[in-house]
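The chain contents come next:
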Amino acid sequence: MKLLRPRATRDIAALRQIAGWCLQYPDEAVLGKLGLLRACLDETTGPGHGELGRTVAYLEHGDPRELASHYIEVFDRKPRRTLHLSWFLDGDTRRRGETLAALRRFYRTHGFAPAENELPDFLPVILEFAAAAGPGAATQVLTRFHPALELLHRNMSTMDTPYRDAVAAVLATLPAVPAPLPAEPPAELVGLDPFPTGAGGGR
């Protein structure tokens, strides 16, 4: 496999971080960073740049109340469009709790501590980690949740939403998923294997 050049690696990390901000609830903190996100996006190139540009433009020009209402409609009304990615792989099973605990341990191993009020499988949290961690750790966590990202993107296809572009931008930074995707989350106790604590790069 061809190794990414340092500039390309930095651009991918930046695009993932911008996507993570765009996929958060559009409150004052998020909207207040749009100028910085636009400036950062204008300095990057690479897969997903065009898609992410459309999401940033949507947030830049939207009415705050309408942005908030649309975000809730997209992500909070249907489990099939949740940003908590372990749901797509584990469903509402005990295995999901194991996945979340293993993910927290994986984060701690790499010196990353998400906010206490966020679950570790929340996509913006995953993208924050992937942007800050070494390439090995970033690849490992995104590979684990790649099928979930594909399912989320597919489930958003019935809506006219710029947030689908943000998810597409993240997927553009990853290789294609070789296996067919399931139609629904599993009902049995199956899902992600535990995250090993010694793999990947550090922050």
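The notes below deal with the structure included here. Quick caveat, the model's predicted, so the values are computed rather than measured.

Looking at the overall build of the chain
Reasoning step 1: Across its full length, the chain holds eleven helices and zero strands.
Reasoning step 2: When the helices and strands of the chain are read in sequence order from the N terminus, they spell out α-α-α-α-α-α-α-α-α-α-α.
Reasoning step 3: Relative to its 203 residues, the chain shows a buried fraction of 46%.
Reasoning step 4: The long-range share in the chain, meaning contacts at least 24 apart out of those at least 6 apart in sequence, stands at 72%.
Reasoning step 5: With an accessible surface of roughly 10,400 Å², the chain has 54% of that area assigned to carbon and sulfur atoms.

A look at helix H7 (residues 94-109)
Count 3.6 residues to each turn of an α-helix, and residues three or four apart come out pointing the same way.
Reasoning step 1: End to end, H7 covers 23 Å across 16 residues, agreeing with the expected 22 Å (1.5 Å per residue, within 8%).
Reasoning step 2: Every buried residue of H7 is listed here: Arg95, Arg96, Thr99, Leu100, Ala102, Leu103, Phe106 and Tyr107. End-on, the buried residues of H7 take up no more than an arc of 170°, which puts them together on one face. Of the exposed residues in H7, the ones pointing more than 90 degrees away from its buried face are Arg94 and Arg108.
Reasoning step 3: Against the buried residues of H7 lie helix H6 (86-90), helix H8 (123-132) and helix H9 (135-144).

Quick look at the pattern of salt bridges
Note that side chains of opposite charge can pair when their charged atoms are close.
Reasoning step 1: Per the stated rule, a full pass over the model turns up six salt bridges.
Reasoning step 2: Residues Arg54 and Asp165 are paired through a salt bridge, measuring 3.4 Å at the closest nitrogen-oxygen approach. Here Arg54, found in helix H4 (residues 49-61), pairs with Asp165, found in helix H11 (residues 163-172); they are 111 residues apart in sequence, far enough to count as distant.
Reasoning step 3: A salt bridge links Arg95 to Glu98; its shortest N-O distance comes to 3.5 Å. With Arg95 and Glu98 both in helix H7, this residue pair falls three residues apart, about one helical turn.

A closer look at the layout of surface pockets
Reasoning step 1: Counted as a void, the second largest pocket has a volume near 240 Å³.
Reasoning step 2: As for the second largest pocket, its lining consists of 13 residues, and the residues nearest its centre are Trp21, Gln24, Pro124, Val125 and Glu128.
Reasoning step 3: Looking at the lining of the second largest pocket, the elements with two or more residues in it are helix H1 (6-22) and H8.
Reasoning step 4: Ranked by residue count, the leading element in the lining of the second largest pocket is H8, at four residues.
Reasoning step 5: Taken together, the residues of the lining of the second largest pocket break down into eight nonpolar, three polar and two charged.

Quick word on the packing of aromatic side chains
Reasoning step 1: Tallied over the full model, the rule gives ten aromatic pairs.
Reasoning step 2: Arranged with centres 5.5 Å apart and planes meeting at 85°, the rings of Tyr71 and Tyr163 form a pair that is edge-to-face. Placement of the pair is Tyr71 in helix H5 (residues 64-75) and Tyr163 in helix H11, with a sequence separation of 92 residues. With respect to burial, Tyr71 and Tyr163 carry one shared label: buried.
Reasoning step 3: Where Tyr107 meets Phe112, the ring centres are 5.0 Å apart and the plane angle is 80°; that geometry is what we call edge-to-face.
Reasoning step 4: Among the aromatic side chains, those forming a connected cluster through ring pairs are Tyr25, Tyr58, Tyr71, Phe75 and Tyr163.

Points about the packing of H4 against H11
Reasoning step 1: Between H4 and H11, the least distance of the axes is 7 Å, while the angle of their chain directions is 150°. Between H4 and H11 lies a crossing whose hand is left-handed. Between H4 and H11, the residues in contact are Glu51, Leu52, Arg54, Thr55, Tyr58 and Leu59 and Tyr163, Asp165, Ala166, Ala168 and Ala169, respectively.
Reasoning step 2: Of the residues belonging to the contact of H4 with H11, the class tally is seven nonpolar, one polar and three charged.

Conventions adopted
- Residues numbered from 1 in each chain as written.
- Predicted model: local features only at pLDDT ≥ 70, side-chain atom pairs only at ≥ 80, totals over all residues.
- Heavy atoms only, no water.
- Helix = DSSP H or I, 4+ residues; strand = E, 2+ residues; numbered from the N terminus.
- Buried < 20%, exposed > 50% of the residue type's maximum accessible area, 1.4 Å probe, protein only.
- Contact = heavy atoms within 4.5 Å.
- Areas by Shrake-Rupley, 256 points an atom, 1.4 Å probe, with all protein chains shown as cover.
- Expected span 1.5 Å × (residues − 1).
- Arc of directions from axis to C-beta.
- Salt bridge = Lys/Arg side-chain N within 4 Å of Asp/Glu carboxyl O.
- 1 Å grid on protein atoms, 1.4 Å probe; cavity = no way out; pocket = protein on both sides within 12 Å on 5 of 7 lines; lining within 4 Å.
- Points joined across faces, edges and corners; volume = space filled by probe spheres on them.
- Nonpolar A, V, L, I, M, F, W, Y, C, P; charged D, E, K, R; others polar.
- Phe/Tyr/Trp six-rings, centres within 6.5 Å; stacked < 30°, edge-to-face > 60°.
- Axes fitted to C-alpha atoms, helices over the stretch in contact; angles between N-to-C directions.
- Left-handed = near helix turned anticlockwise from the far one by under 90°.

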